[in-house]
Amino acid sequence: MNSGLLRLFALGILLLGTTTSCVYFNAMYDAGNAYDAGLDALQEGQGSSARLQFDSVIAKTDRILRSHPGSKWADDAALLKTRSEIYNKLWAAASGSSVLALTLSRSARDSATATGLGGIAALQLEHPQQSDSMLSLALAGDLTGDDRATFLFHRGLARMETGRTSEAAADLQTAAEQIDLTREARLELARALRQIGEYERSVDVTTDILMAYEFGLLSRAERAQVDSLSALAPAVLEPALAELLASPGLQPSMTAMLQMLRGQALENLGNSVTAITVLDSAATVGSSNRWAQEASLRASVIRIRRAQEPGEIQETVPALDRAKLSSAPGVRDTAAQMARAALLFGEFTKAWESRGSSAAEAALRAAELAGTELRSPAVARGLYLKYLELAPESPWAVKAIYGALAFSGHQPGDWVGDEGAVTDRELLARINSIPADNPYRLAMAEELRDVWADSSYVLAEVDLERRISEIQMLFDTTVVRVRRDTIQIRDEPEDDDVGVSAVGDVEP
């Protein structure tokens, strides 16, 4: 081969090498641009766009690593691939890529970074102790400021998982001072501070979360954090919420949220009167607002709990009806249940008020509704005492006595005579004068064991149900009368029986 041909051949080889290098340089350049675009999309809240960009990074860097694992771009490609897999929550893939990045790393900083990224993946793969170790090793090395803060944050999460709460809070707080944490990250910090009893600092972080969006939007986890602080440190949370409410330019939904949460905190402080005022204010912000609807429910619950007269319970029905419109299942279902109970309570109250002793058992059923379903102790006690006034010789008088004693200490209004401890002593004396074989006294003496096996108790309860159904038929035509002769008492119950079989035959 002559010298001219040799020179041309050498030039061709050189050009070929340069072209191949440019190809992978361009691929790495494109991957870097896609990665930056993914970060920008995340900051703008465009999660879907961010995932597409990171998928592109993963595909481009994977081609580099497969085709030229020994190239000078391989270490950078492996780190970029690991980061993108972490952003797209491909934890197992990120764990494997971090090992490859560590193998390919050419500097102490790259090694520490790869180890830290592997620690993040290990945490998400539910290996918090391994994660703690890897992140601690990474943090002992050379890192960029952002990576150091990120690794501190995730080590804090790992330490929370392993019960090292104080150390976790320290890591999370340090991370928060170095980088602008996401809303989710701030929640983890707030939770850690709460768990170590740093309530004031936890409230500070939590209120920042509350004000992050102007439309009063909270995730379930964020609401749980606020509720926990409201239960554990209402004296710290309440004034912080009051201060937020003084902020200018609040949207109505934000105002309703802050007032509802403040009302809850005031209730936990035992300041029910102010709580009702604040909750009522939240309820007026907008009937279609979920916070206003929850405030209506909470205000109603407090009013019913504090009620001393039957009418106070009935007055809560409109507010409960508003709360029934809530999109939150817990609020909606609770409000619906309470509204039904309050309406039925009102009908039974009208029955005994208008018919007196001829419908005395309506007071007894109203007392049961007030005590068990509505949680209104003073009204329940008053109604049990009222029943004893209306029907002192009733076969169910003992049941009413026990009911009144169960709510001892809760004073009803002056619509019924109740002298507190004096009345309790009189009730106890009445019980002692009743025959020991009375079914209700017998049931209480046996601490309600094997009650259903006692035919006299069962029949007494059936007779009461029949009597109440007769009264209820006066205002509800859908009610049917219970037939006593359909109740079968068995002396020796079978294995699958409770001791009595109530056949479902009824008559109109």
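In what follows, the structure referred to is the one given above.
One structure accompanies this document, and this report is about it. (Residues numbered from 1 in each chain as written. Predicted model: local features only at pLDDT ≥ 70, side-chain atom pairs only at ≥ 80, totals over all residues. Heavy atoms only, no water.)

### Section: the pattern of salt bridges
(1) Moving on: This structure, assessed with the given rule, holds 30 salt bridges.
(2) Moving on: Arg164 is the salt-bridge partner of Glu167, the closest N and O atoms lying 2.8 Å from each other.
(3) Moving on: By relative accessible area, Glu167 is classed as partly exposed at 35%.
(4) Moving on: Arg183 is the partner of Glu222 in a salt bridge, and the nearest nitrogen-oxygen pair spans 2.5 Å. A residue pair is termed long-range when its members are at least 10 positions apart, and Glu222 in helix α11 (residues 220-232) and Arg183 in helix α9 (residues 183-195) qualify at 39 residues. In this pair, the class of Glu222 matches that of Arg183, namely buried. (Salt bridge = Lys/Arg side-chain N within 4 Å of Asp/Glu carboxyl O. Buried < 20%, exposed > 50% of the residue type's maximum accessible area, 1.4 Å probe, protein only. Helix = DSSP H or I, 4+ residues; strand = E, 2+ residues; numbered from the N terminus.)

### Section: a negative patch on the surface
(1) Moving on: Among the surface-exposed residues, Glu309, Glu312, Glu315 and Asp414 lie close enough to one another that they form a single negatively charged patch.
(2) Moving on: Inspection of the secondary structure puts Glu312 in helix α16 (residues 310-314).
(3) Moving on: Residue class for Glu312 comes out partly exposed when judged on its relative accessible area of 31%. (Patch = residues over 30% accessible without salt bridge, like charges linked within 9 Å, V, L, I, M, F, W, Y side chains within 5 Å. Areas by Shrake-Rupley, 256 points an atom, 1.4 Å probe, with all protein chains shown as cover. Lys, Arg positive; Asp, Glu negative; His and termini not counted. Charge placed at Lys NZ, Arg CZ, Asp CG, Glu CD.)

### A short note on the nonpolar core
Most often, soluble globular proteins have nonpolar side chains that are buried together.
(1) Moving on: Judged by nonpolar contacts, the single largest core of 56 residues is most densely connected at Ile313, Phe345, Leu374, Leu383 and Tyr387.
(2) Moving on: No other element matches helix α18 (residues 329-355), which puts 10 residues into this core.
(3) Moving on: Those residues within four positions of Ile313 in sequence are excluded, and the remaining contacts are Ile304, Ala307, Ala342, Phe345, Ala370, Leu374, Ser376 and Val379.
(4) Moving on: Among the nonpolar cores identified, the runner-up in size contains 48 residues, and Phe54, Ala78, Leu143 and Ala192 belong to it. (Core = buried A, V, L, I, M, F, W, Y, C linked by side-chain atoms within 4.5 Å. Contact = heavy atoms within 4.5 Å.)

### With respect to the packing of helix α3 (residues 74-87) against helix α5 (residues 108-124)
(1) Moving on: Look at α3 against α5: their axes get within 10 Å of each other, and the N-to-C directions meet at 25°. Considering the angle they form, α3 stands roughly parallel to α5. For the element pair α3 and α5, the recorded crossing hand is left-handed. Of the residues in α5, those touching α3 at Asp75, Leu79, Thr82, Arg83 and Ile86 are Asp110, Thr113, Ala114, Leu117 and Ile120.
(2) Moving on: A per-class count over the contact of α3 with α5 returns five nonpolar, two polar and three charged. (Axes fitted to C-alpha atoms, helices over the stretch in contact; angles between N-to-C directions. Parallel < 35°, antiparallel > 145°, perpendicular 65-115°, else oblique. Left-handed = near helix turned anticlockwise from the far one by under 90°. Nonpolar A, V, L, I, M, F, W, Y, C, P; charged D, E, K, R; others polar.)

### As for helix α6 (residues 128-139)
(1) Moving on: Taking 1.5 Å as the rise per residue, α6 with 12 residues should run 16 Å; its terminal C-alpha atoms sit 16 Å apart, in good agreement.
(2) Moving on: The inward-facing, buried residues of α6 contact α5 and α7 (145-161). (Expected span 1.5 Å × (residues − 1).)

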